[in-house]
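# Close look at the chain arrangement
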Amino acid sequence: MGLVGKIPVSMGIYLKNLTYLGLDNNMLDGPVPEELGLLKFANEINLENNNLSGRITFSREVGEKFKLAGNVGLCLGKNYNCSGDGGSSSSLCQLNPCKMLTNVNPPDVDSNWFPWLFWILMYAAAEL
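The name given to the chain in an unreviewed UniProt entry is Piriformospora indica-insensitive protein 2, and the organism recorded there is Trifolium medium.

In structure tokens:
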């Protein structure tokens, strides 16, 4: 369809009775709105082959509806468990896990405020 830009959050809010959403093979970018998880009647939400990016944290029940292949900027957040119960067959389980900061030691409490701000911003960025 030649769609370009971000997926509107309002789709998940105002289209609650939608049973299928096909936005694959477009030029959509940015994150997948968590509000798409509100589409309880949707059997499939196909977002394949776009330029979507960010962390996916939907529950397994919601996540099974999504097709996300071909979005190299997407990663799977720590809230989604792909082990056991056949969850590894999910489209979401084909995504790479999101990278976490490791071996980060915050500065001493006696330090001035600037280093603390730096570490807080680094932690917030890692959670995105």
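### Describing the nonpolar core
V32, L36, L47, I56, F66 and L68 are the most contacted members of the largest nonpolar core, which totals 21 residues. Elements with a contribution of two residues or more to this core: β5 (51-56) and β7 (73-76). Those residues in contact with L47, other than ones at most four positions away along the chain, are I7, L23, D24, V32, L36, L52, F66, K67, L68 and N71.

### As for the sheet that holds strand β2 (residues 20-22)
Here we have three strands laid out as an open sheet, ordered β2-β4-β6, and parallel in their pairing. Pairing within the sheet leaves two strands with one partner each, and these edge strands are β2 and β6 (66-67). In this sheet, strand β4 (residues 44-46) lies alongside β2 in parallel orientation, the contact comprising three bridges. Bridging across to β4, G22 finds its partner in N46.

### Structural notes on the pattern of salt bridges
Under the defined criterion, the tally for this structure stands at two salt bridges. In this structure, D29 and K6 form a salt bridge, with 3.7 Å as the shortest nitrogen-oxygen distance. Highlighted residues: D29 in strand β3 (residues 27-30) and K6 in the loop between β1 (4-5) and α1 (10-14), separated in sequence by 23 residues. Residue K6 is classed as exposed on the basis of its relative accessible area of 57%.

### Quick notes on the side chain of K65
Tracing the backbone through its elements, the reader meets K65 in the loop between α2 (60-63) and β6. Among the polar contacts made by the side chain of K65, one reaches the main-chain carbonyl oxygen of A42 at a distance of 3.4 Å. Here K65 is in contact with L39, K40, F41, A42, N43, E44 and I45, once residues within four sequence places are set aside.

### Describing unusual backbone geometry
Phi is positive for N25, close to 60°, though the residue is something other than glycine. With respect to the helices and strands, N25 occurs in the loop between β2 and β3. Even without glycine at this site, N49 takes up a positive phi of about 55°. If you trace the backbone, N49 turns up in the loop between β4 and β5.

The rules we used
- Residues numbered from 1 in each chain as written.
- Predicted model: local features only at pLDDT ≥ 70, side-chain atom pairs only at ≥ 80, totals over all residues.
- Heavy atoms only, no water.
- Core = buried A, V, L, I, M, F, W, Y, C linked by side-chain atoms within 4.5 Å.
- Buried < 20%, exposed > 50% of the residue type's maximum accessible area, 1.4 Å probe, protein only.
- Helix = DSSP H or I, 4+ residues; strand = E, 2+ residues; numbered from the N terminus.
- Contact = heavy atoms within 4.5 Å.
- Pairing = 2+ DSSP bridges.
- Salt bridge = Lys/Arg side-chain N within 4 Å of Asp/Glu carboxyl O.
- Polar contact = N/O pair within 3.5 Å; in protein donor to acceptor, adjacent residues only side chain to side chain.

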